[in-house]
Number of protein chains: 2
Amino acid sequence: MEDSQPGFRFYPTEEELICFYLHNKLEGKREDMNRVIPVFNIYRCEPCNLPNFAGQRCLGDTEQWFFFVPREEREARGGRPNRTTGSGYWKATGSPSYVYSSSNRVIGVKKTMVFYSGKAPTGRKTKWKMNEYRAIEDEVINPSNHTVPKLRHEFSVCRVYVISGSFRAFDRRPLGTAMKEILAQQTYANGATMTEEASLAGSSYSEK
Amino acid sequence: MEDSQPGFRFYPTEEELICFYLHNKLEGKREDMNRVIPVFNIYRCEPCNLPNFAGQRCLGDTEQWFFFVPREEREARGGRPNRTTGSGYWKATGSPSYVYSSSNRVIGVKKTMVFYSGKAPTGRKTKWKMNEYRAIEDEVINPSNHTVPKLRHEFSVCRVYVISGSFRAFDRRPLGTAMKEILAQQTYANGATMTEEASLAGSSYSEK
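Residues numbered from 1 in each chain as written. Chains lettered and ligands numbered in written order. Predicted model: local features only at pLDDT ≥ 70, side-chain atom pairs only at ≥ 80, totals over all residues. Heavy atoms only, no water.

Some details on the overall build of chain A
- Looking only at helices and strands, chain A has four helices and seven strands in total.
- In sequence order, the secondary structure elements of chain A are arranged as β-α-β-α-β-β-β-β-β-α-α.
- Scored against the burial criterion, the 208 residues of chain A give a buried share of 53%.
- For chain A, long-range pairs separated by at least 24 residues make up 63% of all intrachain contacts whose partners lie at least 6 apart in sequence.
- With an accessible surface of roughly 10,200 Å², chain A has 51% of that area assigned to carbon and sulfur atoms. (Helix = DSSP H or I, 4+ residues; strand = E, 2+ residues; numbered from the N terminus. Buried < 20%, exposed > 50% of the residue type's maximum accessible area, 1.4 Å probe, protein only. Contact = heavy atoms within 4.5 Å. Areas by Shrake-Rupley, 256 points an atom, 1.4 Å probe, with all protein chains shown as cover.)

Let's talk about helix H1 (residues 14-26) of chain B
All names here are of chain B.
- H1 sits mainly inside the fold: eleven of its 13 residues count as buried.
- When we look at burial in H1, the residues that qualify are Glu-14, Glu-15, Glu-16, Leu-17, Ile-18, Phe-20, Tyr-21, Leu-22, Asn-24, Lys-25 and Leu-26.
- After H1 finishes, the residue Gly-28 shows a positive phi value of roughly 70°.

A word on the pairing of strand E7 (residues 155-162) of chain B
All names here are of chain B.
- Here E7 lies mainly inside the structure; eight of its eight residues are buried.
- Burial of the side chains of E7 extends over both faces: Phe-155, Val-157, Arg-159 and Tyr-161 are buried on one face and Ser-156, Cys-158, Val-160 and Val-162 on the other.
- With six bridges joining them, strand E5 (residues 124-141) and E7 adopt antiparallel strand pairing. Across the sheet, the residue bridging to Glu-132 is Cys-158, located in E7. (Pairing = 2+ DSSP bridges.)

Things to note about the environment of Glu154(B)
Residues and elements named next belong to chain B.
- Mapped onto the fold, Glu-154 is located in the loop between strand E6 (146-151) and E7.
- Relative accessible area serves as the criterion here: at 35%, Glu-154 is assigned to the partly exposed category.
- Not counting residues within four places of it along the chain, the set of residues in contact with Glu-154 comprises Leu-26, Val-69, Pro-70 and Arg-71.
- Separated by 2.8 Å, the side chains of Glu-154 and Arg-152 make a polar contact. (Polar contact = N/O pair within 3.5 Å; in protein donor to acceptor, adjacent residues only side chain to side chain.)

Some thoughts on the side chain of Glu14(B)
- By secondary structure assignment, the location of Glu14(B) is in helix H1.
- Side-chain polar atoms of Glu14(B) contact the side chain of Tyr133(B), separated by 2.6 Å.

Here's the deal with the environment of Arg83(A)
Residue and element names in this part refer to chain A.
- Along the chain, the position of Arg-83 falls in the loop between helix H2 (73-76) and strand E3 (88-100).
- Distance from Arg-83 to Arg-44, taken between C-alpha atoms, is 8.0 Å for residues 39 residues apart in sequence.
- Filtering out sequence-adjacent residues up to four positions away, Arg-83 remains in contact with Tyr-43, Gly-88, Tyr-89, Trp-90, Lys-111, Met-113, Glu-132 and Arg-134.
- A polar atom in the side chain of Arg-83 sits 3.4 Å from the side chain of Tyr-43.
- Of note is the side chain of Arg-83, whose polar atom sits 3.1 Å from the side chain of Glu-132.

What about the environment of Pro47(B)?
Residue and element names in this part refer to chain B.
- On the secondary structure map, Pro-47 appears in the loop between H1 and strand E2 (64-70).
- On the accessibility criterion, Pro-47 (0% relative accessible area) is buried.
- Along the sequence, Pro-47 and Trp-128 sit 81 residues apart, while their C-alpha atoms lie 6.9 Å from each other.
- Setting aside residues no more than four positions away along its own chain, Pro-47 makes contact with Trp-90, Phe-115 and Trp-128.

Concerning the packing of aromatic side chains
- The final tally for this structure, using the stated rule, is 19 aromatic pairs over all chains.
- Residues Phe10(A) and Phe8(B) carry aromatic rings whose centres are separated by 5.0 Å and whose planes lie at 40° to one another, so their mutual orientation is tilted. Of this pair, Phe10(A) sits in strand E1 (residues 8-10) while Phe8(B) sits in strand E1 (residues 8-10), each in a different chain.
- A residue is classified by how much of its surface remains accessible, and Phe10(A), at 2% relative accessible area, is buried.
- By relative accessible area, which is 10% here, Phe8(B) ends up buried.
- Arranged with centres 5.4 Å apart and planes meeting at 80°, the rings of Phe10(B) and Tyr21(B) form a pair that is edge-to-face. Residue Phe10(B) is found in strand E1, and its partner Tyr21(B) is found in helix H1; the two are separated by eleven residues along the sequence. Note on accessibility: Phe10(B) and Tyr21(B) belong to one class, buried.
- Clustering of aromatic rings is evident, with ring pairs tying together Phe8(A), Phe10(B), Phe20(B), Tyr21(B) and Phe66(B).
- In this structure, Arg159(A) is placed above the aromatic ring of Tyr161(A), and the distance from its NZ or CZ to the ring centre is 4.1 Å.
- Residue placement shows Lys25(B) over the ring face of Phe155(B); its charged tip is 5.4 Å from the ring centre. (Phe/Tyr/Trp six-rings, centres within 6.5 Å; stacked < 30°, edge-to-face > 60°. Lys NZ or Arg CZ within 6 Å of the ring centre and 35° of its normal.)

Notes on the side chain of Thr112(A)
Residues and elements named next belong to chain A.
- Position of Thr-112 relative to the elements: it lies in strand E4 (residues 106-117).
- Of note is the side chain of Thr-112, whose polar atom sits 3.1 Å from the side chain of Asn-131.
- With sequence-adjacent residues up to four places away left out, Thr-112 is seen in contact with Lys-91, Ala-92, Thr-93, Lys-129, Met-130, Asn-131 and Tyr-161.

Thoughts on unusual backbone geometry
- Looking along the chain, the bond that leaves Ala120(A) and enters Pro121(A) is cis, with omega of 0°.
- Mapped onto the fold, Pro121(A) is located in the loop between E4 and strand E5 (124-141).

A few points about the pattern of salt bridges
- Counted by the stated rule, this structure contains 20 salt bridges over all chains.
- Between Glu16(B) and Arg9(A) there is a salt bridge, with the nearest N and O atoms lying 2.9 Å from each other. Taken as a pair, Glu16(B) in helix H1 and Arg9(A) in strand E1 lie in two separate chains rather than in one.
- Glu16(B) sits in the buried class, given a relative accessible area of 18%.
- When the shortest N-O distance is used, the salt bridge between Arg152(B) and Glu27(B) registers 3.6 Å. Of the two residues, Arg152(B) sits in the loop between E6 and E7 while Glu27(B) sits in the loop between H1 and E2, which places them 125 residues apart along the sequence. (Salt bridge = Lys/Arg side-chain N within 4 Å of Asp/Glu carboxyl O.)

Everything listed is a geometric property; what it means functionally is a separate question.
Put into structure tokens, the structure is as follows:
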């Protein structure tokens, strides 16, 4: 955040997110990216706590939070990933879709998830959502020199956000106040999502 | 623009735009803001040329462009503002609305306009839109020490943008391709914009 000139923030396109951030992460390059997108297993944490773990350069952002999520060992061994937290679970919504570059090349796969509070399959939908992105890279196959698209699993990059009532991102009010409420309630409630939801519902579109 | 870490850009909230940028402008403070939002009479310019006049720190942005627009003399004298360019005209859409701060205080008035190509009233709607903001300030009235809201007219701040098909700002593709198409259509509608277009198309997603 630039104190001297407000309004500058991390607002990447999907292409920037995949082609720069995720690719560099997968190649083990650019350690300094941690200040923007840290490595964090978001599934070990209640969603409402996630803003506290955002990258240093993005702390204070109130709309969306980005994380590199390493693949879990059990998923690597062919099992299902564990997306259950103390208070609820993440569940995919819709089908995964491709992400395209500005030159219309397939660069990744995107999965959208919603956080439900309670136990599956009877949890209640919350306002917390996430897009999980994995990179697709062309891999050269010898000897034919043929390339095949390959999905990279070692890291995904996740964008966590709270559903707002408005589709127009620009009209949003700074969520400062609303978020503070959410985070405050959360601290003393820790575990019971009831209060988070209530506060979220109350403040949800104060930002209109 | 931060070359080393893509994805950081000027993406202000309405509150930041009015309470920081427009207020400082009205008070004659912070000359360095010109690098973000320059003073420019946008009504003297075809909309598709406007991206070239964006603030230095925002050059290369492909989604929205911000300008401080001084009040025209004829408007100051009580006349109607002139919003006609060589190729068309700006026309208000919907009613002006209030803009609220995160603490629910009225901080401004917002008017949305669409650019039509051709002559009023038979012009054709284009994809160019704009939000014009004016600040509302509380003014102290003596001797009662009463405050009244006062609309400031000396400068407005305008956000010019191109309507995209998607409502979800994050999913947007870098507009490179779309912009080229839009601008191409405009070219043979008006002839003169060729070179700016070329430069815009070339630079549009240099920030990748």
